[in-house]
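Coordinate inspection notes
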Amino acid sequence: MKTLTAVAIQNNKKNKTRSILIIIAIVLTTILLTIIANYCYGIIKNNREHAGDYYGVYHGMYRSISQEQIEQMELRSEFSKIGRMAYAGEIESERNMALYWVDTVTMQMMNMENLLEKGTMPEKTDEIIANRSFFEQLGIENPQVGDEVTLYSRIDNKSKFSKNKFKISGIIQEQNTQLEQKSYIGYVSQKFYNDQTEEDTRYYNVYFQLNDAVKINYDNAEQFIQELGKKCGIDEKQTIINSYYIMWSTDPGIETIVGGSILILGVVVFSSVVIYNIFQVGIVQKIQEYGKIKALGATKKQLKKIVQTEGIILAFIGVPIGLLLGCIIGNLTFAWIMEQAKMVDSKLEGTTNIVSIPILFIVIIIAFITVRLALEKPMRMVAKASPVEAIRFEGNKNQSVRKGHRHVSVKEMTMANISANKKRTVGTILTMGLSCVLFVVIANFVGNMDAEYSARQNIEYGQIMIDLDYSLSDEAYPENNLDSILKEDPLGEDTIQQIETIDGVTDIRVRKQLAMKTMNEEGKPSDEIFSVMVLNREDFEKYRKDSGIVGDFTYDTVAEENGIIYGYSYFMEDHDYFIGQNLDMRLENGASSCDYNGTIQGAFGNVGSEWVITEETYKQLGLKEGGNGQIWVDCKEEDVESVKEQLEDILLVKDHVEINTYADELQASQLSMKMMRLMCYVLVMIVGLIGFINMANTMIISIITRRREFGMLQAIGMTNSQLNQMLQTEGFLFTIGTVFVSMLIGVPIGYGLFQYGKEHSWMGLYQYHLPWMEIIGMVIVIGILQTILSFILSRNIRKESVISRIQY
Amino acid sequence: MDTILKTEHLCKIYGTGNNLVNAVQDVNLSIEQGEFVTIVGKSGSGKSTLLHMLGGLDHPTSGSIFIRDQNLFQMKEEERAVFRRRKIGFVFQAFNLISSINVWENIVLPIGLDGRQVDEVFVEDIIKTLGIENKLHNLPNTLSGGQQQRVAIARAIASKPDIILADEPTGNLDSKTSDEVVGLLKMSVQKYGQTLIMITHDEDIAQIADRTIVIEDGKVVR
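Residues numbered from 1 in each chain as written. Chains lettered and ligands numbered in written order. Predicted model: local features only at pLDDT ≥ 70, side-chain atom pairs only at ≥ 80, totals over all residues.

A look at the overall build of chain A
Across its full length, chain A holds 26 helices and 19 strands. Counting the 808 residues in chain A, one finds 39% classified as buried. Pairs at least 24 apart in sequence give 83% of the contacts found in chain A among residues at least 6 apart. (Helix = DSSP H or I, 4+ residues; strand = E, 2+ residues; numbered from the N terminus. Buried ≥ 20, exposed ≤ 12 C-beta atoms within 10 Å, placed from the backbone. Contact = placed C-beta atoms within 7 Å.)

In structure tokens, the structure reads:
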């Protein structure tokens, strides 16, 4: 075996160019594999971490349960963590303000410890923590730790408000910079809570984490948690599951893994073809040498072993380099992306380390598999090598005559060369072209992302949008649900009148939003809430022109039959809705309610509300005035800031509203598109590089093998500049062919991807245009690389005297 | 008669130290126009190196070569390439035809590279003389050795060079074909008034030459 390894090492050393090219190809492949794997890992890891950040690290909560029930829970091994939270009273205020006590376990589960900006958690009876807006509501401007607060609170509706003095022991971060403050909550100590309540009247909301050994998934979690509750004497009505957390934490990231695996498979196939190509061309050239080794007595198996060792040695050099570079590039770009993402969403805690040792091991294995796959055919070929075989790499064995030209010069010579080596030419153009196909496809997608369109999808009119910030299923805080908010009517007539008085406001548009409830068997509305948007003719038709429409309907057909349209066609089937289905519902606009009976006529692609009815239908419902869901305010661009400030002043006293400006929205979508582009182009560039390595190899090999021919041509009078010209023309033709192939295949696929993406409302895909700029850029890059390569190669070849080349 | 080719103290050394080889040592030659000169010598005696230097394919270590009083190695590389394709025709032992183009294209290629128009009457005359008129569309690989060498000779003559340098043109041919090829070569150069310098091992060929130069260990001995 040692001899074989030695031969393999010598072969690698002797074919230096080939070895270097293969190492580069392996390095690039490994970089690509590492980046893809690390990104997938990073995304999954981030999603899990953020699931906790956003929704709290707990599986569920049992509402108002007693100390005995908690003790029951503590006996069960299914719970790994149990934390308590208790209602410590309502504060006298125009707003929803309340006091709660939470224990440290709950604080951890709700990420409150991380949110503590200054100070410490409340321990003494008179200590309190809350965010700034809470204290501001109590009339304390610029609250500081140590400041005193006086408030009036009561433990239940039966009691009277009593005066309480507190000292601020800590300040919690504002969770959102927007005005969407949902409820104002102050957190007090257990001592305060105990002082307020009798022992037998103490009820707790208990947050819990389940043991890792408990196998739950998104589908069975609710039932499991309800049954677990029953075992502790807790009614299922008291059970609330943290479905978002369960969804993210139990989701292994299948979509990401599938996407990543497809990419990796693509890379493996592509790279192994490239590495195979480099090997193959080199081996055809050296087949005689392998023949000699065979003549000396090597068996087929030994010959295969030599080739395999050659490849594996190169992989041993290339894979670690690629792994290192891949980790560096992957981490840097991922960190940058997270950095950018934080600018958009301040709550994101970025994971910067996306390297996982087990995943790197998998990458190593895949990289080696790629190399081994590439070696398969060369190995078989070498094994077949006959000791006396003398194969000339070139040569047109099948052709015996050629029509030819009467006059022959550089141009004719080049064309003759290309047509004589059709297979090689087509092979190179195809591999080079296919790597550019990916670029063209991605350019078709990335180049068509329209930030303005994307921003306008969110802010449909004007410069500023005010809309309701509502939930549909908040059981813990039902006041956050749409039906309750509509009753408050924060965007009602008085608000609109106030907005009209703002200087600089040029136009106001209002859209109605209703809450829809299903009817139970007794004919009463259930707790299940849906949002319903009321669209006028103009908006309705605008949405109808977007893609992803299901069903055949117009504003008029829907208005005539008082029909209803589903808001997200993609999810229609998931929710068991179908066209022609009759809905029997109750509609509420806060001011009044009515029964509604209508037929589903179809679905929009994506409108941001579950259901849509027409303005005509709304009028016929005969509801009292109310139910304003969205307000768009237009003004001159230079007035946006001042108008927004005044709007914020007006809305300061309103709960559950949020303000967004078109400018912010535009900036956010530009930023996310920038990130998307970076990710896409990093991958494409590396794929392109691998493709280029392949092209470089083909050119180098073709020049090396034709060294003699070039010598002959020079001996009979070809000058250096003519030789150069010939190689440049050849390269130019490769470039043209490459571009042609990539356009021919890439543009249709890219267009298909665009259409698919548009239907699925991917980021800002609206109007298709051929990504000329990107394609021209690609052509220039290929052209430049090609020219440089031809130049270097022809210079390199000239170093040798003509005669030594002929005698080669 | 005019001297068409002259060398002065021509030397070629390969390698250094222990590996130093004096391939050609102080060769002074003078060849007249229209002369048929053969160079003979043992394998490794330096005759090929000498011929390659005479044709500008290889650089001498020292000394000069004059073709019609023009110093070949004082020209720039590009100039020398142009000069070579106009003044010198080569015939190699291994034929050295370009595999991707047909016989006619091989023959006219040097003229095309020089940017000249092909004198078709002249080229067709050569082709007829050499008896390859039926093979013009064939690719070189489909021809026999003798046929390939005829194509190479046609190529050397077609661009109307002053000198034809032939490096063992019959080395790969059987004796019958070999006689034919030499006969054709001699006839052609006579017909078109060219000078022929040929390396050979073959005593018979050497005997039909106007002059024979013998080389031993890189030195002209006779």
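The discussion continues.
Focus on the overall build of chain B
Check the secondary structure of chain B and you find seven helices and eleven strands. Among the 222 residues that make up chain B, the fraction classed as buried is 50%.

Examining the interface of chain B and chain A
Between chain B and chain A, the contact holds 32 residues from the first and 34 residues from the second. Top element by residues in the side of chain B that touches chain A is helix H3 (residues 103-113) of chain B. It accounts for seven residues. Among the residues forming the side of chain B that touches chain A, the class breakdown is 13 nonpolar, eleven polar and eight charged. (Nonpolar A, V, L, I, M, F, W, Y, C, P; charged D, E, K, R; others polar.)

Some details on the environment of Val779 of chain A
For Val779 of chain A, the location among the structural elements is in helix H25 (residues 772-798). Between the C-alpha atoms of Val779 of chain A and Ile736 of chain A, which are 43 residues apart in sequence, the distance is 8.5 Å.

Points about the pairing of strand E3 (residues 97-102) of chain A
Each regular strand shows side chains that alternate between the opposite faces of the sheet. Residue and element names in this part refer to chain A. As paired elements, strand E2 (residues 79-91) and E3 share five bridges and run antiparallel to each other. Note that in E3 the partner of Glu90 across the bridge is Ala98. Here E2 folds back onto E3, and the loop between the two strands holds five residues. Pairing geometry for E3 and strand E8 (residues 184-188), over five bridges, is parallel. If you follow Met97 over to E8, its bridge partner there is Tyr184. (Pairing = 2+ DSSP bridges.)

Describing the sheet that holds strand E11 (residues 219-220) of chain B
Picture the strands of a sheet paired through backbone hydrogen bonds; they go either parallel or antiparallel. Residue and element names in this part refer to chain B. Taken together, six strands build an open sheet; the order of strands is E7-E8-E9-E4-E10-E11 and the sheet is mixed. Each end of this open sheet is capped by a strand with a single partner; those strands are strand E7 (88-91) and E11. Pairing analysis gives five bridges linking strand E4 (residues 36-41) to strand E10 (residues 211-216), with the strands arranged parallel. Bridge pairing in E10 links Val37 to Arg211.

A look at the pairing of strand E13 (residues 525-535) of chain A
All names here are of chain A. Pairing analysis gives six bridges linking strand E12 (residues 505-519) to E13, with the strands arranged antiparallel. Bridge assignment links Gln513 to a residue of E13, and that residue is Met533. Where E12 hands over to E13, the hairpin turn is made up of five residues, of which Gly523 adopts a positive phi near 80 degrees. Sheet topology places E13 next to strand E17 (residues 611-614); four bridges connect them, and they run parallel.

Focus: the environment of Leu21 of chain A
Residue and element names in this part refer to chain A. Tracing the sequence through the fold places Leu21 in helix H2 (residues 16-55). By the C-beta count within 10 Å, which is 24 here, Leu21 ends up buried. Along the backbone, Leu21 and Ile278 are 257 residues apart, and their C-alpha atoms lie at a distance of 7.7 Å. Contact partners of Leu21, with chain neighbours within four places excluded, come to Ile278, Ile693, Ala696 and Asn697.

Examining helix H4 (residues 120-130) of chain B
Residues and elements named next belong to chain B. Within H4, burial applies to Val123, Ile126, Ile127 and Leu130. Down the axis of H4, the buried side of the element spans an arc of 100 degrees, and every buried residue falls inside it. Exposed side chains of H4 directed beyond 90 degrees from the buried face belong to Val121 and Lys128. Looking at the buried residues of H4, the elements they touch are H3, helix H5 (145-158) and helix H6 (175-191). One or two positions beyond H4, positive phi appears at Gly131, with a value near 70 degrees. (Arc of directions from axis to C-beta.)

As for the confidence of the model for chain B
Summary statistics for chain B give a mean pLDDT of 88 and a share of 100% for residues scoring 70 or more. Both scores are given for the predicted complex: the pTM is 0.66, the ipTM 0.87. (pLDDT = per-residue confidence, 0-100.)

Comments concerning the confidence of the model for chain A
Residues and elements named next belong to chain A. Averaged over all residues, the pLDDT of chain A equals 83, while 94% of them reach at least 70. Taken as a whole, residues 177-181 scores under 50 in pLDDT and shows 15 contacts with residues more than four places along the chain or in a different chain. In this model, residues 390-396 is a region of pLDDT below 50 whose contacts with residues beyond four sequence positions or in other chains number 14 contacts.

A few points about the nonpolar core
Of all hydrophobic cores here, the largest spans 84 residues; its most connected members are Ile22, Ala25, Ile26, Leu28, Leu32, Ile275 and Ile693 of chain A. Sort the elements by how many residues they give to this core and H2 of chain A lands first, with 18 residues. Apart from the residues lying within four places of it in its own chain, the contact partners of Ile22 of chain A are Ile275, Ile278, Phe279 and Leu314 of chain A. Counting 80 residues, the second-largest nonpolar core is a separate cluster that includes Val24, Phe92, Leu109 and Ile164 of chain B. (Core = buried A, V, L, I, M, F, W, Y, C linked by C-beta atoms within 7 Å.)

Concerning the packing of helix H24 (residues 720-759) of chain A against H25 of chain A
Residues and elements named next belong to chain A. As a packed pair, H24 and H25 sit with axes 9 Å apart at the nearest point and diverge in direction by 150 degrees. Of the possible angle classes, the one that applies to H24 and H25 is roughly antiparallel. You can see that H24 and H25 cross each other, and the crossing is right-handed. Contact residues: Asn720, Leu723, Asn724, Leu727, Gln728, Gly731, Phe734, Thr735, Thr738 and Val739 in H24; Val779, Ile782, Gly783, Gln786, Thr787, Leu789, Ser790, Leu793, Ser794 and Arg798 in H25. For the contact of H24 with H25, the class distribution of residues is eight nonpolar, eleven polar and one charged. (Axes fitted to C-alpha atoms, helices over the stretch in contact; angles between N-to-C directions. Parallel < 35°, antiparallel > 145°, perpendicular 65-115°, else oblique. Left-handed = near helix turned anticlockwise from the far one by under 90°.)

Some words on the packing of H2 of chain A against helix H9 (residues 243-250) of chain A
Each pair of packed helices can be summarised by the angle the axes make with each other and by the distance between the axes. All names here are of chain A. Between H2 and H9, the least distance of the axes is 8 Å, while the angle of their chain directions is 170 degrees. One element, H2, and the other, H9, form an angle in the roughly antiparallel class. On H9, the residues touching Asn47, Arg48, Ala51, Gly52 and Tyr55 of H2 are Tyr244, Tyr245, Trp248 and Ser249. Grouping the amino acids of the contact of H2 with H9 by side-chain chemistry returns five nonpolar, three polar and one charged.

Considerations on the environment of Gly56 of chain B
Residue and element names in this part refer to chain B. Mapped onto the secondary structure, Gly56 falls in the loop between helix H1 (47-54) and strand E5 (62-67). Take Gly56: there are 23 C-beta atoms within 10 Å of it, and that puts it in the buried class. With residues up to four places along the chain from it excluded, the contact list for Gly56 reads Leu72, Arg80, Arg84 and Ile88.

Here we look at unusual backbone geometry
Residues and elements named next belong to chain A. Positive phi values are uncommon outside glycine, yet Asn142 reaches one of about 50 degrees. Looking at the element boundaries, Asn142 is found in the loop between helix H6 (132-137) and strand E6 (148-154). On the basis of neighbour count, Asn142 is assigned to the exposed category, with 8 C-beta atoms found within 10 Å.

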